[in-house]
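Chain residues, written in single-letter form:
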Amino acid sequence: MKEKIHIYHTNDLHSHFENWPKIKSFLSERKSFHEAAGEEIFLFDCGDFMDRWHPFTEGSMGKGNTALFNESHYSAVTIGNNEGITLPFQDLDALYEEANFDVIVANLYLPDYKRPNWVQPYVIYETKHGYKIGVTAVTTYYQKLYRLLGWELSEPFTELEMQLNRLQDEADMIIVLSHLGIHDDEKMAALFPQIDLILGAHTHHFFHEGQKSHNTMMAAAGKYGRFVGYVEVDLMKKPVNIKPTLFETAFLPPENDDFNQELENIGKKQLDVKVTQLHHPLEFSWDRPSPLTNILCEALHEWCQPDCTLINSGLVLTSLQKGDVTKYDIHQMLPHPINPCTVELTGAELKEVLLHAEKDKEWVDLEVVGLGFRGSVMGVFVHCGVDVDKIEQQVLIKGVPIDPEKTYTLGTTDMFTFGRFFPEIRRSEVKHYFMPEFLRDIMEWKLKRMQD
């Protein structure tokens, strides 16, 4: 007997809740419609639903996002890098304590390679007519970063092969929730023909009507809740028809316009914790060095203890006013899920980085997207522990000209180790990430020390 099932999927919402009331209402309506027709419905999320740039997520450390999943009756979710490597170990371990849905991540382990008790490598769902749908999931292979936080991550394709071998004899349909990105999804489809459907994420791609790759259908829904993905499937011992499409939330019926503000107010209240008190305001600027950027640079330099430190002024998004400073104020100033880090460079490489940062006038207005950056433009660069003479093309550390053959440590932000702004930093073979601290944690630490 042929059975029709309905799959709805979201990905990469990144705590952009402006579209969530529409999505929630739409999913509730469709669920009621399909259930009234006696048809099966599944709802999946493919990761990065949370993002700590939003006060609601920051204030609840993601548990508020889990509550939103519960309210919309999700079937299962997987984690993206924003769940996996922007939360301290204990917070990720507790993130889904109240979850009313399955959490599927095949390649996430505890340090002894045991699975956390809240994670399943796969789940088999049985439909009303007895068909079995096997769902597994994998997340991005940031092994070193997960390990620094206390987790172990197995290689996604090796893990997939093991899980698919278990599923292919048990399931009539196999679905992978993938937070690997479009290129790895295409590779996955080529390597594993037994996969019927890949629901993708991470690279924020979308397919209006899916994309067939080898034997596998791929579907994805972009980012920030712009789309809701929908896949209609006809099952008859195996899928005989898989038809993806997207619903654009801009054209869904309007809902509560105040919802995002309501969540922000909740987060603001949770973060209303006094950190310090300022006797005078601290200003910021993107087109020149400013007090707040200088303090942030000093903070990183003191925390990481490198030979010198380099950051961009675009990291700082607000000033701090005279009077009490709260965690909310610091969060608004530095909302980025960005960690401090150090990299080892030769003197020649370090000189090239510092002179490049000083002389390129295009930095100020250069728009930056991704890499954990939640601001607008790069801004100017400021440094600590080093003197740069642009006229003489000279760099001095502790008053001594830089030695091109010597190895130095540069303190900076992790975004420069991932991006292509400074090839020398990206290529460095020795990088140390300070985790789970974000820039705002270092700034809070510095402001408290200044008060003392």
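Structure report, in brief. All values reported here derive from a predicted model rather than from experimental measurement. (Residues numbered from 1 in each chain as written. Predicted model: local features only at pLDDT ≥ 70, side-chain atom pairs only at ≥ 80, totals over all residues. Heavy atoms only, no water.)

## Topic: the environment of glutamate 161
By the secondary structure assignment, glutamate 161 is in helix H7 (residues 156-167). Put simply, glutamate 161 and methionine 188 are 27 residues apart on the chain and 10.0 Å apart in space, counted from C-alpha to C-alpha. (Helix = DSSP H or I, 4+ residues; strand = E, 2+ residues; numbered from the N terminus.)

## Some thoughts on the pattern of salt bridges
The final tally for this structure, using the stated rule, is 19 salt bridges. Where lysine 446 meets glutamate 302, a salt bridge forms, and the shortest distance between an N and an O atom there is 2.8 Å. Taken together, the residues lysine 446 in helix H15 (residues 439-451) and glutamate 302 in helix H10 (residues 291-304) connect sequence positions 144 residues apart. A relative accessible area of 8% places lysine 446 in the buried class. When its relative accessible area of 30% is taken as the criterion, glutamate 302 is described as partly exposed. Among the ionic pairs, lysine 327 bridges to glutamate 444, the shortest N-O distance being 3.0 Å. Of this pair, lysine 327 sits in helix H11 (residues 327-333) while glutamate 444 sits in helix H15, and the two are 117 residues apart along the sequence. Salt bridges sharing partners connect three or more residues here, namely Glu298, Glu302, Lys446 and Arg449. (Salt bridge = Lys/Arg side-chain N within 4 Å of Asp/Glu carboxyl O. Buried < 20%, exposed > 50% of the residue type's maximum accessible area, 1.4 Å probe, protein only.)

## What to know about the packing of H10 against H15
Contact geometry for H10 and H15: axes closest at 9 Å, N-to-C directions at 95°. Our classification of the angle between H10 and H15 gives roughly perpendicular. Touching Leu292, Ile295, Leu296, Glu298, Ala299, Leu300, Glu302 and Trp303 of H10 are Leu439, Ile442, Met443, Trp445, Lys446, Arg449 and Met450, all from H15. Among the residues making up the contact of H10 with H15, the classes are represented as eleven nonpolar, no polar and four charged. (Axes fitted to C-alpha atoms, helices over the stretch in contact; angles between N-to-C directions. Parallel < 35°, antiparallel > 145°, perpendicular 65-115°, else oblique. Contact = heavy atoms within 4.5 Å. Nonpolar A, V, L, I, M, F, W, Y, C, P; charged D, E, K, R; others polar.)

## A few points about the nonpolar core
Leu315, Leu350, Leu410 and Phe422 are the most contacted members of the largest nonpolar core, which has 50 residues in total. The element best represented in this core is H10, accounting for six residues. Residues contacting phenylalanine 422, with those up to four places away along its chain left out, are Val353, His356, Ala357, Trp363, Phe381 and Phe416. Counting 42 residues, the second-largest nonpolar core is a separate cluster that includes Tyr8, Phe26, Tyr146 and Leu263. (Core = buried A, V, L, I, M, F, W, Y, C linked by side-chain atoms within 4.5 Å.)

## Observations concerning the layout of surface pockets
Each pocket or cavity is described by its volume, and for the largest pocket that value is around 640 Å³. For the largest pocket, the lining is made up of 31 residues, of which Asn81, Gly370, Leu371, Gly372 and Arg374 are closest to its centre. Of the residues belonging to the lining of the largest pocket, the class tally is 13 nonpolar, twelve polar and six charged. Per-element accounting of the lining of the second largest pocket gives the leading share, three residues, to helix H6 (residues 143-149). Partitioning the lining of the second largest pocket into residue classes produces six nonpolar, two polar and three charged. (1 Å grid on protein atoms, 1.4 Å probe; cavity = no way out; pocket = protein on both sides within 12 Å on 5 of 7 lines; lining within 4 Å. Points joined across faces, edges and corners; volume = space filled by probe spheres on them.)

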